[in-house]
Structures are given as C-alpha cells and as structure tokens.
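Residue-level structural notes
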Amino acid sequence: MSSPDELARDTPPPYKRRRTGDTPSSRSSSPDVLAGDPHDFLPPRRLSQRGGGLSKSPSKPPQYLDDFSRSQSLSRPLSESVRRSRSASSSGSRTRSQSPVHSTRSPTRSPRSRPRSQSPTSSNQSRSESFSPEPQQPTPTPPREPLKPNYKARLALHGHTKAVSQVRISPNGRFIASASADATVKIWDAATGAHMDTLVGHMAGVSCVAWTPDSNTLASGSDDKAIRLWDRVTGRPKTTARKSAGQEMAPLRGHHNYIHCLAFSPKGNILASGSYDEAVFLWDVRAGRLMRSLPAHSDPVAGIDFCCDGTLVVSCSTDGLIRVWDTSTGQCLRTLVHEDNPAVSNVCFSPNGRFVLAFNLDNCIRLWDYVSGSVKKTYQGHRNEKFSIGGCFAILHGEAFVASASEDGDVILWDVKNKEVLQRVQGHKGVCFWVDVHGETMVTAGQDGSIRVYRHIGPSTEVNGDGMRSHSKTPNQGVLQGELPIRQDDVRLEEALS
Amino acid sequence: MNLLLSDDYLLQDYPESMTSTIRSGHATMLRFNRKGDYLASGRVDGTVVIWDLETMGVARKMRGHNKSITFLSWSKCGRYLLSTCQGWKAILWDLETGHRHREVRFRAPAYMAELHPWNHNIFVASLFEEQPLLVDISEPVDVKRVLPSAPKRSNTENDAALKEKQAKEDAKQMTTSAIWTATGDHIIAGTSKGKLNIIDAKTLEIIYSEKICTGVITTMRITGSGRDLLVNSQDRIIRTFRIPNLSVEDLDPDTIQLPLEHKFQDVVNKLSWNHVTFSATGEYVAASTYNNHELYVWERNHGSLVCMLKDPKEEQGVIEWHPSRPLLAACGLETGRIYIWSVISPQKWSALAPDFAEVEENVEYMEREDEFDIYAQEEIHRRRLDAEDEDVDVLATDPTKEEDGLDNFRMPILFNLGESDSEDEFVAVSTGTMRRRSPGESQADLSAGAESSAPVRKKGGARGGGRSKKK
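Worth saying up front: this structure is predicted, and the values here are computed from it rather than measured.

This next bit is on the overall build of chain A. A count of helices and strands for chain A gives 10 helices and 29 strands. Sequence-distant contacts in chain A: of pairs separated by 6 or more residues, those separated by 24 or more amount to 55%. Accessible area for chain A stands at about 17900 Å²; split by element, carbon and sulfur atoms hold 54% of it.

Here it is, written out as structure tokens:
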C-alpha cells in the first residue's frame, strides 16, 4: 500500500545515518549556507582555474578519470554507495552540487575580491571582521587566555578530482598525505603546499592513509580491498630490501571488503587495518604478512588507533562498540559502549594513551577513560550524523585540544578540560571529512576535493596591537609569495586568506 | 598501557607451555635486549638474526662472521650488539644501519664477550686458552688490556718453591667466563679450575678470589638488579650467590664475602646442565639439561623445583628468560629452532560485553530504587554533561615509565625481509596445504654461499613434528 514509506523505513539505521547526499534538498542547501557565508575566503578565480587545471593535468588525462569514475559508480550499486560514506560520496554528488555552487557563489565572492587586492593591513582587518559576525559561534571570545588555538587559513591545495577522504601530516611534520575517492594518494609539502607525488595504483577510491613513524613510508587502504605500502622518497610502491631489488612489494590482501581505516604501531612494525568486512587485521609490516585477525565487530570497522606504547589497539564500529585490544595476544581487553549506543565513526587514543576519543554519529565526541569504562567528557558543537568524520588531539605549546571536522565544512577546536569551543575554523564547502594537526600546522580534507592548510598564529603577534600587526604579518606574506611560483598546472596553491 | 587492563599479574610468573617456534637457520645463541622487544640469535653459519618479538618475525640479519656464533651482548640503549664467533673475532653491530660498527680480532676463539653495562665501547672478552681481555674501542685503534686469571694470593713470603708451585697452578687457570657487575666497576670472572675472581675494572687487579666449585665454570649470569649471581659449572651443580655491594666508597677487599645461597642439582639422575638463566626478577632459575629434553625451573626462595618444560623432543642448548615477561626462549641443539614458552592468558569474556560481569557464584540481584524510573531524554543528557566535571590529563604519561626515555633508539623497519627469510621447512602452498621446502630452494639470500644450514634444515624437516605454530 504505502510502498515508498515502507521503503524509507526499511533502510537500516546506520546506513541511513551515514547516507551521503541522500536528498537533493539537503545537498543544495549546504552550498547556500556557504555562499551566504561572508568568511568564504576563496578568490573567485579558483573555480575557473580549477576546471582548466583539470583538463591540463598531465598525469591523469580527464578522459581516463571520467571513465574511471563511471566504472566505479557502476561497479558499486546504489545500496553500496549509500553504505559507503567517505569516498563514495563524491561521484554522484559532485556533479549535482557543482553547478549551483558556482552560480550562487560568484556574486557573493566579487565583493570579497576587493580587499584581496588591497594592502596587507586592510586585508587583515577584513579577516578579523569576518570572524566576528559568526552566527554559530557559542563562545563570544572570552578574555584572552594564555593559550588559545588561532589557526588561520594559509593554503588551499587542489589536485584531487574527487572528495578527499583522509589527510594526514607525517610524524616529522614535513609532509601531508591525502587519500581521495579518485583512487590516488597525493603527497604534499606541509610548509609550502607544493605537490610532491601522486601515488597511483589503487583500483578504487582510497579511504585511508597512514604514515610510518619515520615518515618515509605510507600505507593506503582502498575500496579495492588492498592495502598498499608506498615509499615516500621515490613515490613508488615499496620495494623489497633484498637482492631481488626493484621487485615491488605486493599489496597486502586479505580483507574481504573495503579497507576503511589504517594505523601504524609507534614502532612501525605492525600495521592495523579495519575493514567493511568487520574484522581488524594486524599485519607484520616487514614481511607483509597477516599476523593476526581479530573478529572485532558486527558492523564495518570505522576507526582504529594504536596507543603510544604500542601495546593496545582500539577499534570502533558503527555497531556502537569501541573495543580495546591487546596487541601482543590479540585479546579484547575492554569494550566501551555508550548507553544510547550511537554509531562510532572514528577513535583515537589521547597522546598519553590513557583515554580514548570517540566520534559518535549523534553530534558528540566522547572522551572515554577505558580503564574505568566511563565517559569523562562530551564535546559538542559540530555536526556529525552520517559521515565517518575524523579528528585528533592537537598539541600546541604543551596544551592539548580536541580538533574535529564537521559536516558543515568547519573545523572545531575544544578545550579538553572544560569542553568549550575555542576556535571554529571556516573551511570547506560541503563536508569536511578529516582534520589532522601537527603542532602549529592543521590540515583538513573536504568533500569538495580540496585540502586546506592552516597555521597557528601565536598570541604574540596579536597582542602587539593594530599598529604592529601589519609588521608582524609581513614575513608570513613574504613566505607565501615566495612559494607561489612553485605552482604547477594541476596543483594550485592559494594564499587562502586576503 | 595494556597492564592497566589485564589481570596478567594474577597469572603465574613462570612459563608453562610452548607458545611458538621460530627458525632462521641453525641458532646457537640467544639474547634478549634490555627492553625485551627484540631477540638476537646467532647461527651456526655466523649470521646474526634479530627477531621482533611483537611480530615474531625477522627484523634484521647481519652477516660478517663465518664461524658459529658463541656469544651475543646488547648495549644498554639497544642500538649496538656485540657478537663473538669461533673464528677469533668479535663484531660490534650498529643496528641503526645493520653494518658492523667495529671489528676486533683476537688470538684465539672467544668463549664470550660482554659489553660494559653503560658504555658500548668497552667490553670484556674471555678467550679459549688465552688470558681474558678488556677491550676499549672508543679510539680508532682498539686498546686491549690483559686481565689476570691467577687467583689473588694473600701470602707475600719469598718462598721460592711455593712460588714456583703457585706459578704452575696459575698457568693452568684460564678464565672461561667473565661478566660485568651491574655498575660496571668490576668484572666477575670464572676460571677453568672453578675459581671465581672479582677484578677491579680500573686497576685490573683481582680484589677477591674464591674457589666455588671443582669443575670448570661454564656460565655466569647476574640478575637485573645485580645482587645475585648464577654460576653453572661442570660439576653438575648450579649455584646462586649474593653479590656484595662493591661500589661502596671505602671498599676493603679483605672484607668481601660471596655467600652461597642455593645449589640446584638433580641428585637422582645426575644431570648436567647445558645452560642456565635467571628469570626477570631473579625469582626463578631455569636450566637446560645435557642429553635430556627437559628444561628445569626452580624457584629461588625455597630452592624447590617448580616445573619441567618438556614440549619439544630435542635437547636444548642456550636458554634465555625475557627481561620482563614470563617468557623463556631456548634453542634446540639438533635443529637449531628457537622454542618459546610463555603463559597464555585466558580471554576475559566480560571484556567483550561491558554490561556483563563474571561472577564466581550466583548473586541475588538487588534492584535500585530508581532503576526503572523514566526521565526525559534531554534531562538525562544534561545530567550526564553536568557530571563530567572531572579533571582529565591527556598529555602527562605515567611517571613510572619515565625511565624509558633514555633508550629511545628505534630500529628502522626493513621491508619485505620476506617469507623467504623465515626459512621454515614448510612452505605454504595454498590455504591449509603445506609443502616441505626442498633443500636447494632459493632463500633469496644475499650470501647464498654462507648458507651452510641447508643440510641441517633437511634433517630437521625429517622429524616432521615441528610444524611451526605460525600466527
């Protein structure tokens, strides 16, 4: 009788929650919000340039990419692409959202282009103004605390042709790796934003990347069920260390479904992977051998992390469970579940390994004490209902913050102790999937296919007062302008603000 | 971190069952590093193999010796490894690069060479039919200083006949084992005549000597704390001694005493012991038996035998106890496999479901007064948030773990040392099917010529029982 209603109700809850761009109304609404947003700092020429850059891209001819995306969307029927949150999101939604974005944006952007051409001082003012009329910001900038994160947009990296599902800064802080639904992984210089390498080899969208602790190797996990190890220096698949040199290491195969999350142990000898086949695998990285498979969850494994001494692995799933495993024995030591049982889309350990930060799909991030099994803090203020959204702990001058992406495209930073929102950084149009922080550098990945780099600007430059501001900014600007000539055809860096 | 969650401390603290077997060539010597995450094994063909205990895989292989490895010694930081072989030389390996850091040649095969506990540029070597050496390799040209083996004599009379007799005796005294005390100020040396000498590392003089047994002293070990000494000798008795504090300011050599604590022996079978080791804390003593398959484990409080480990049908040579865990590694004399015994902690089922608790017996459940009261969802949520007023520290680490800071050496990860490297007798053909590796099958090894272990492997494979438990 009422067949459409029935169908709608029949959709399983986790899928429903994680659905990508389900209704056209919700999709078209988000660009509107962004377009009306005065803080959208993108210069107007970006979109036009982007189109040109794509067709010019030498490494990946557009013909191939189109073919590829088509084949991918064909290979994955609708039900599957709905289940898939991150990397599957783009193929359908991009074409739909792109044109309205362009049309609604360009008029609002034109007044913004004026301050850009002005002197640095005035552009600074316009920037500070742009943050004040923020409607959602709950904290009206309290009296200046000694340390408050103040990340300012610095670079926007373009090159991925589809949504960027994950972005990670290397442990030494020098490189950025980004995984995208366009089946490539890109490596960027964290300081200049220069594109260093594109790692091509996966047959389907890449959902996750992980750096080894020495920052020389990269692991990527894809929807083609394989995990590949890449040499950061050569930009090629990792080769054997033996006489038969030049022989490329075979990808790590064993999962029966999409790879969704990866983490290296602090020593770099073990790689943990979580997959849609609901298992967690521990790999011996040296031999490329499956060491242990943990029957972890009853839903796709959404997030995984190692604690700082490598003895514990935490995994989470949309079944609402967070499990803590002993690395050496493979036994489950603790299971954490919240009373409301919200799906958990990502987990990470605190820097000291005593707490677990869990990203729930009920717009909450919870800090668990896994020993007592209780929630210590709940962070709210971002939007996270359907996507597997990432975040991390940020450490700035010995102070820790919680950073998370949000489905409205922002990045939110909380105080760990009093749960207050310390900074809300405007970012992507569409969903911001991932944020990674390394000291003063923050990187975000978005559904719009771009990567944004932010830098913390310390209080010293701000306290100086208006007169000093222009002076203190000049070196920064100089650096940026100095780097700009590195631009490549398919990769544009943009001085995001001003 | 996992210690916060596990009840493993409730388990027994000595190994009870064999948990894995690993193999790379024919291992003759084993040594754990100080942190206990790596195990070095020396092979008959002179290769030194570093095992990662977390993955049970080969982390590094180092070639440089061409004779059987006799001894291995880790530096405190875990970056350097000293190996001696029957081929008259010792190599100090730098594990950062995997290349030899220094090579020292002797005039005889070396029984053993142990690195100074704090300084990886100094080591003491005991040689076959030669006087032991204190070697300093901090300079480009190594400095070798001969250590005395002759016991300290109290009489200083000029009796020519007696002196001659003593000199004859002294000439027969050969140091067979020499180790450092925990502070590195003194060297404890055991001789072929069963004498134990304590040598001052600065003056190179024997400050104390005592005859502790009748046979040759073959192995000496001290506990991590440096307070206990374990001596294995050929008179079939294992002895433990208390080491006096030798680092006091005004040490009078005449007051030093080395009290004997326990004698472990098998009086019934008259077994002799291949190799001995202390447990992590020194609470237990383990020994491998000559011409026998068992490992004996005694506990030191009462001196009683706690268990005999007898899984593989093979005589065991060198045995090593893990520096922190109840884990024992031994290498089989015949096949050269490395056997590892440990405790298996049972899965706690309540850990899988947080709303379940394991109870010993039935408990009558008392319902709380407000247990089934219904509140508005927002009210619950607000209460929860209000309750989160606890102070959390996500940065500060456990202060007891601070000591780890000094050895922050991290061994580089080599990729794809490969399945070829495990050198198992059995090769996985497909799921569930194994095939015996043919003797000539390529190991893809760098120096195939040095692969003298091939016939040994074949022999081991003929036994067939040792299908390695690969995880």
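Facing the 66 residues of chain A at the interface are 51 residues of chain B. Approximately 5100 Å² of surface area, both sides summed, lies buried where chain A meets chain B, with 52% of it carried by carbon and sulfur atoms. Here chain A is connected to chain B by 5 salt bridges. In this structure, the salt-bridge partner of A:Lys267 is B:Glu54, at a minimum N-O distance of 2.9 Å. Summed over the shared surface of chain A and chain B, the number is 18 residue pairs in polar contact (both at pLDDT 80 or more). Those elements that place two or more of their residues in the side of chain A that touches chain B are strand S13 (289-294), strand S16 (321-326), strand S17 (332-337), strand S20 (364-369), strand S21 (374-380), strand S22 (391-396) and strand S23 (399-405) of chain A. Split by residue class, the side of chain A that touches chain B holds 28 nonpolar, 17 polar and 21 charged.

A separate point is the nonpolar core. Counting 51 residues, the largest nonpolar core has B:Leu39, B:Ile50, B:Leu81, B:Leu196, B:Leu229 and B:Ile338 as its most contacted members. Among all residues touching B:Leu39, those that are not within four sequence positions of it are B:Ile22, B:Leu30, B:Arg31, B:Phe32, B:Val49, B:Ile50, B:Trp51, B:Leu53, B:Trp74, B:Ala329 and B:Ile338. Among the nonpolar cores identified, the runner-up in size contains 36 residues, and A:Ala153, A:Ala163, A:Val431 and A:Val435 belong to it.

Moving on, we come to the UniProt feature "repeat: WD" (unreviewed entry) in chain A. When the UniProt feature table is mapped onto this chain numbering, "repeat: WD" (unreviewed entry) sits at residues 157-198, 199-240, 252-293, 294-335, 337-378 and 401-424 of chain A. Between the C-alpha atoms that bound residues 337-378 of chain A the distance is 14 Å, and the span itself is 0% helix and 57% strand.

To continue, consider unusual backbone geometry. Residue and element names in this part refer to chain A. A positive phi angle, close to 50 degrees, is found at His 397, a residue other than glycine. Here His 397 is to be found in the loop between S22 and S23. Backbone geometry at Lys 419 places phi at a positive 65 degrees, although glycine is not the residue there. Structurally, the position occupied by Lys 419 is in the loop between strand S24 (411-415) and strand S25 (421-425).

Residues and elements named next belong to chain A. Here 4 strands make up an open sheet; going across it, the order is S6-S7-S8-S9 and the pairing antiparallel. The two strands at the open ends of the sheet, each matched to only one other strand, are strand S6 (206-211) and strand S9 (252-253). Two elements, strand S8 (residues 226-231) and S9, share 2 bridges in a ladder whose sense is antiparallel. Across the sheet, Ile 227 pairs through a bridge with Leu 252, a residue of S9.

Attention now goes to the pairing of strand S26 (residues 316-321) of chain B. Residue and element names in this part refer to chain B. Summarising burial for S26: 6 of the 6 residues are buried, a large majority. Where S26 and strand S27 (residues 328-332) come together, 4 bridges link them in antiparallel fashion. Bridge pairing links Gln 316 to Gly 332 in S27. Linking two consecutive strands that pair antiparallel, namely S26 and S27, is a turn of 6 residues.

Taken together, the side chains of B:Lys168, B:Lys172, B:Lys193 and B:Lys211 present a region of like positive charge at the surface. Given the relative accessible area of 47%, B:Lys211 is considered partly exposed.

This part takes up the environment of A:Asp410. Residue and element names in this part refer to chain A. Residue position: Asp 410 is located in the loop between S23 and S24. You can call Asp 410 buried: its relative accessible area is 3%. Separated by 34 residues in sequence, Asp 410 and Thr 444 have C-alpha atoms that sit 9.1 Å apart.

Now for the environment of A:Arg289. Looking at where A:Arg289 falls in the secondary structure, it is placed in strand S13. With 19 residues separating them along the chain, A:Arg289 and A:Ile270 place their C-alpha atoms 10.0 Å apart.

In this section: the UniProt feature "repeat: WD" (unreviewed entry) in chain B. Residue and element names in this part refer to chain B. Residues annotated in UniProt with the feature "repeat: WD" (unreviewed entry) correspond here to residues 30-61 and 62-103. Secondary structure across residues 30-61 comprises 0% helix and 59% strand; the distance between its end C-alpha atoms is 14 Å. Measuring from the first to the last C-alpha atom of residues 62-103 gives 13 Å, for a span that is 0% helix and 57% strand.

This part is about the pattern of salt bridges. On inspection of all chains with the given rule, the structure shows 31 salt bridges over all chains. Residue B:Asp37 pairs with A:Lys267 through a salt bridge whose shortest N-O separation is 3.0 Å. Remark: A:Lys267 occurs in the loop between strand S10 (259-264) and strand S11 (270-275) and B:Asp37 occurs in the loop between strand S2 (27-32) and strand S3 (38-43); the pair is interchain, linking two chains. A:Lys267 shares its class with B:Asp37; the two are buried. One network of salt bridges, with partners in common, ties together B:Arg31, B:Glu114, B:Arg221 and B:Glu320.

Thresholds, definitions, all that
- Residues numbered from 1 in each chain as written.
- Chains lettered and ligands numbered in written order.
- Predicted model: local features only at pLDDT ≥ 70, side-chain atom pairs only at ≥ 80, totals over all residues.
- Heavy atoms only, no water.
- Helix = DSSP H or I, 4+ residues; strand = E, 2+ residues; numbered from the N terminus.
- Contact = heavy atoms within 4.5 Å.
- Areas by Shrake-Rupley, 256 points an atom, 1.4 Å probe, with all protein chains shown as cover.
- Buried area = accessible area lost by both parts, 1.4 Å probe.
- Salt bridge = Lys/Arg side-chain N within 4 Å of Asp/Glu carboxyl O.
- Polar contact = N/O pair within 3.5 Å; in protein donor to acceptor, adjacent residues only side chain to side chain.
- Nonpolar A, V, L, I, M, F, W, Y, C, P; charged D, E, K, R; others polar.
- Core = buried A, V, L, I, M, F, W, Y, C linked by side-chain atoms within 4.5 Å.
- Buried < 20%, exposed > 50% of the residue type's maximum accessible area, 1.4 Å probe, protein only.
- UniProt positions renumbered as here; feature names shortened; annotations may be inferred.
- Pairing = 2+ DSSP bridges.
- Patch = residues over 30% accessible without salt bridge, like charges linked within 9 Å, V, L, I, M, F, W, Y side chains within 5 Å.
- Lys, Arg positive; Asp, Glu negative; His and termini not counted.
- Charge placed at Lys NZ, Arg CZ, Asp CG, Glu CD.

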